[in-house]
Amino acid sequence: MNSDEIRGHIQAIVDRILRQKGLDPVLLTKETRFLGGHVPIDSLDLAVLLTELEKVTGVDPFKYGFRNFLTVDELAGLYMDGKK
Amino acid sequence: MDRRCTILECLTPADRAVVIQDGRAVRALELQDRAERLRCLINQHSWQRVALRTERADTVIVALAASQGCSCDVLLLRDDYSADDPVWSAWQAEALLDDEFAVRRAFPGSKAEGSGCVLLTTSGTTGRPKVAAHSIEVLASRVTKEKLRTDTARWLLTFHPASYAGLQVILTILFTRAELIAFVRPNVSDLLKAAQTEQPTHVSATPTFWRSLLIASSHLDAKMEFRQITIGGEAVDQSTLDQLSRTFSTARITHIYASTEAGALFSVSDKRAGFPAAWMDIGVEGVKLRIREGILEILSPRAMKGYVGELSSKNQADDGWLISGDLVEIVGDRVLFRGRIDNIINVGGAKVMPEEVEAVLLQHEAVREAMVFGQRNPLVGAIVCADIVLSPGFDGEEVRTSIYSHASQRLEAHKLPRVLRFVTAIGTNAAGKKVRLI
């Protein structure tokens, strides 16, 4: 799974989270910040995103502890690293 | 009810059908004969403690009748344990019998000193079950306080016959001369079918079972007429009580608070969740109640004598009160159950009781059953997830936003189930309780 595919999954999962909240989808770019930006999600929504990403990628980049990320691209990178 | 009546004396008249076991009427005479045979076997071997592995209500009745008045303990087992399982050295049974009273295993080194107790396994979901010792007289004491009824009650057994709740139903039918409909390893579908075809008048079951029955009853042809609906095994929420009350408007609806360790404590019949807060001060049915650190503690005349093979008990306070593990809260004139302390989900350091979240979800018209659980998460420790069975006619994707919105208006952010999964059924264990995902 390449970076584009992982970003595609991130977009799809965030869309689902927003739809469940009754909100319109938001187009994510590589630089989009998850919290404190224009995406209306909280830390628990972000937690769901991580759980769902682990399910679709089969990768758990946090297996050995928490790793920080701010943007979509940084998060996608963790799942790429995790595959190595 | 005459308190001096023994189980054997309850097995009269001889031709009375006591149990309809898997469709076959088992009459009092047959149960008496089998009890005599078991008693002879126990005497012949001078057993002090014997284990009986059974799924059958008729066998449990026989075991109760045979053990009453003799010094041998009868350990009723719901599960199989291999010969080298450490449970055997902890429980010190001398033999393991099957339904035909054939000796399946013998443990000649056992050193139990029997005292004529019924030994029951607890329904814990993890690790080795504990074994609680009860005397038959105490087990039946709440039942025998009721007046002898010679009516035509037909009870449907939804609980395992070797569980505390199952035994309460069995003792009730014995002392009230009612009839019991029982099946070996029934699943929910079997029981729902029996609830229609066998026309039981009295049913005791978990809230999870009752919600399953409500789901099914909306598309059943046969009308079910219950005189008594008893709810136990799990705390019941107001939505479930209201739905049962609407669907079975003529039935008496009672929820019972009991546990294998504390015994049958009290029943509540006003169709309101929880129990009157006044009972905290004045007690109820001989039971004293107190709340310590949010957990209900109990002093009960119907408590077990103790655990078998356990050196210490985390369930008992220093002064002998039993720590129920049930989180409670006083709201107005009511004490409400908020969940089991061992079910708590820790979301970023904040505690979430699955039962509280389930009660909110069940208020939504589209939700017929819900099971809330925590899913491990690297960011916040755990997130709250819910498996939901929808009411007929609702589509998951169409109501997802509505259910989420309903919950978000009533729950704090950390308690809000972020993952909603729509499923066709919620798993239950042998005790009829929801199998919680941990």
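Please read these numbers as outputs of a predicted model, since none were measured by experiment.

Visitor: How should the sheet that holds strand β4 (residues 73-77) of chain B be read in this particular structure?
Guide: Across a sheet, paired strands are connected by hydrogen bonds in the backbone, their directions being either parallel or antiparallel. Residues and elements named next belong to chain B. Strand order across the open sheet formed by seven strands is β6-β5-β3-β4-β7-β8-β18, with mixed pairing between neighbours. Each having just a single partner strand, β6 (103-106) and β18 (306-308) make up the two edges of the open sheet. Averaged over all pairs of adjacent strands, the angle between their axes in this sheet comes to 30 degrees, without regard to strand direction. Judged from the five bridges that link them, strand β7 (residues 117-121) and strand β8 (residues 131-135) form a sheet pairing that is antiparallel. Bridge pairing in β8 links Leu-119 to Ala-133. The sheet contacts of helix α3 (residues 57-67) involve β3 (49-53), β4 and β7, and relative to β4 the element is tilted by about 165 degrees.

Visitor: Teacher, can you tell me more about the interface of chain B and chain A here?
Guide: Reports often express the size of an interface as the amount of accessible area lost when the parts come together. Of the residues lining the interface, 17 residues belong to chain B; the matching set on chain A comes to 19 residues. Interface area lost by chain B to chain A is led by Pro-378, Leu-379 and Arg-418 of chain B, which between them contribute 40%. Inspection of the region where chain B meets chain A yields three salt bridges. In this structure, the salt-bridge partner of Arg-376 of chain B is Glu-54 of chain A, at a minimum N-O distance of 3.8 Å. At the boundary of chain B and chain A, one finds seven residue pairs in polar contact (both at pLDDT 80 or more). A breakdown of the residues in the side of chain B that touches chain A according to their chemical character gives ten nonpolar, four polar and three charged.

Visitor: Would you take a moment to explain the side chain of His-255 of chain B for this structure?
Guide: Residues and elements named next belong to chain B. With respect to the element layout, His-255 can be found in strand β13 (residues 252-259). You can call His-255 buried: its relative accessible area is 8%. In terms of polar contacts, His-255 uses its side chain to reach the backbone carbonyl oxygen of Arg-272, at 2.9 Å. Not counting residues up to four positions away in its chain, the partners in contact with His-255 are Ile-231, Val-236, Leu-241, Phe-266, Ser-267, Val-268, Arg-272, Ala-273 and Gly-274.

Visitor: Before we go on, may I ask you to explain the domain arrangement of chain B in this structure?
Guide: All names here are of chain B. Segmentation of chain B into domains returns domain 1 (26-122), domain 2 (138-340) and domain 3 (344-422). Taken together, the contact between domain 2 and domain 3 spans 13 residues of the former and eleven residues of the latter. Taken over both partners, the interface formed by domain 2 and domain 3 buries close to 1100 Å², and the fraction arising from carbon and sulfur atoms is 56%. Per-residue buried area on domain 2 facing domain 3 is highest for Arg-211, Ile-215 and Arg-338; these three make up 41% of the total on that side. Summed over the shared surface of domain 2 and domain 3, the number is one salt bridge. A salt bridge links Arg-211 to Glu-369, with the shortest nitrogen-to-oxygen separation between them at 2.7 Å.

Visitor: Help me out: how do you make sense of the side chain of Arg-78 of chain B in this one?
Guide: For Arg-78 of chain B, the position within the fold is in the loop between β4 and α4 (87-91). Of the side chains bearing the opposite charge, Asp-79 of chain B lies closest to the buried Arg-78 of chain B, which forms no salt bridge; the N-O distance is 6.1 Å.

Visitor: Just checking my understanding: could you explain the sheet that holds strand β23 (residues 367-377) of chain B for this structure?
Guide: All names here are of chain B. With mixed pairing, the three strands of this open sheet are ordered in space as β23-β24-β25. Looking at strand neighbours, the two that pair on one side only are β23 and β25 (419-422), the edges of this open sheet. Here the average twist between neighbouring strands, direction ignored, is 25 degrees. Bridge analysis of strand β24 (residues 381-390) against β25 gives four bridges, and the strand direction is parallel.

Reading guide: rules and limits
- Residues numbered from 1 in each chain as written.
- Chains lettered and ligands numbered in written order.
- Predicted model: local features only at pLDDT ≥ 70, side-chain atom pairs only at ≥ 80, totals over all residues.
- Heavy atoms only, no water.
- Pairing = 2+ DSSP bridges.
- Helix = DSSP H or I, 4+ residues; strand = E, 2+ residues; numbered from the N terminus.
- Axes fitted to C-alpha atoms, helices over the stretch in contact; angles between N-to-C directions.
- Contact = heavy atoms within 4.5 Å.
- Buried area = accessible area lost by both parts, 1.4 Å probe.
- Salt bridge = Lys/Arg side-chain N within 4 Å of Asp/Glu carboxyl O.
- Polar contact = N/O pair within 3.5 Å; in protein donor to acceptor, adjacent residues only side chain to side chain.
- Nonpolar A, V, L, I, M, F, W, Y, C, P; charged D, E, K, R; others polar.
- Buried < 20%, exposed > 50% of the residue type's maximum accessible area, 1.4 Å probe, protein only.
- Domains from an automatic or database assignment.
- Lys, Arg positive; Asp, Glu negative; His and termini not counted.

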